[in-house]
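Geometric and topological summary
Residue strings, one per chain:
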Amino acid sequence: MKRKNKLPDYDDGRTIAEMNVDGMPWYNPKADKKSKNEEDKPTKKELRAMVRAGYLAYLPRVLATLLGFGMCIFLAYLWLNGWTL
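Read on for a plain summary of the structure. Predicted, not measured: the structure shown is a model, and the values here were computed from it. (Residues numbered from 1 in each chain as written. Predicted model: local features only at pLDDT ≥ 70, side-chain atom pairs only at ≥ 80, totals over all residues. Heavy atoms only, no water.)

1. Some thoughts on the overall build of the protein chain
What the protein chain contains, in helices and strands, is one helix and zero strands. A burial count over the protein chain gives 2% of its 85 residues as buried. Only carbon and sulfur atoms are counted for the fraction: they give 62% of the accessible area of the protein chain, which is about 9300 Å². (Helix = DSSP H or I, 4+ residues; strand = E, 2+ residues; numbered from the N terminus. Buried < 20%, exposed > 50% of the residue type's maximum accessible area, 1.4 Å probe, protein only. Areas by Shrake-Rupley, 256 points an atom, 1.4 Å probe, with all protein chains shown as cover.)

2. Structural notes on the environment of Arg 14
Structurally, Arg 14 can be placed in the segment before helix 1 (44-80). The exposure class assigned to Arg 14 is partly exposed, which follows from its relative accessible area of 46%. Residues Arg 14 and Asp 40 lie 26 residues apart in sequence; the distance between their C-alpha atoms is 9.3 Å.

3. Considering helix 1
In this model, helix 1 (37 residues) spans 51 Å end to end at C-alpha, consistent with the 54 Å of a helix rising 1.5 Å per residue. At Leu 59, helix 1 shows its maximal bend, which comes to roughly 40°, and the proline Pro 60 appears one to four places after that position. A positive phi of about 90° marks Gly 82, the residue just after helix 1. (Expected span 1.5 Å × (residues − 1). Bend = angle between axes of the 7 residues up to and from the residue.)

4. Overview of a nonpolar patch on the surface
Together, Leu 56, Tyr 58, Leu 59, Val 62, Leu 63 and Leu 66 give the surface a local cluster of nonpolar side chains, amounting to about 600 Å² of exposed area. Note that Leu 63 resides in helix 1. Leu 63 gets classed as partly exposed once you look at its relative accessible area, which sits at 49%. (Patch = residues over 30% accessible without salt bridge, like charges linked within 9 Å, V, L, I, M, F, W, Y side chains within 5 Å. Salt bridge = Lys/Arg side-chain N within 4 Å of Asp/Glu carboxyl O.)

Next comes the structure, spelled out in structure tokens:
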């Protein structure tokens, strides 16, 4: 019987973090540090989509903060003009 060396679906073989670190037993100072995989770079369209998604993710927090500050300023305005609750 042949043994299949198939990677799991979640493992595509890419390196996420560089493990060639000074002090480790497998450290190789002559390793090529400039060998980046071009297919991993996002395109301009993908980059814009990521930035847009980031802004959309923070939008509720920013709006809630602005609403809170606005309410504080409005209540301070009413308080300083003599209107009581």
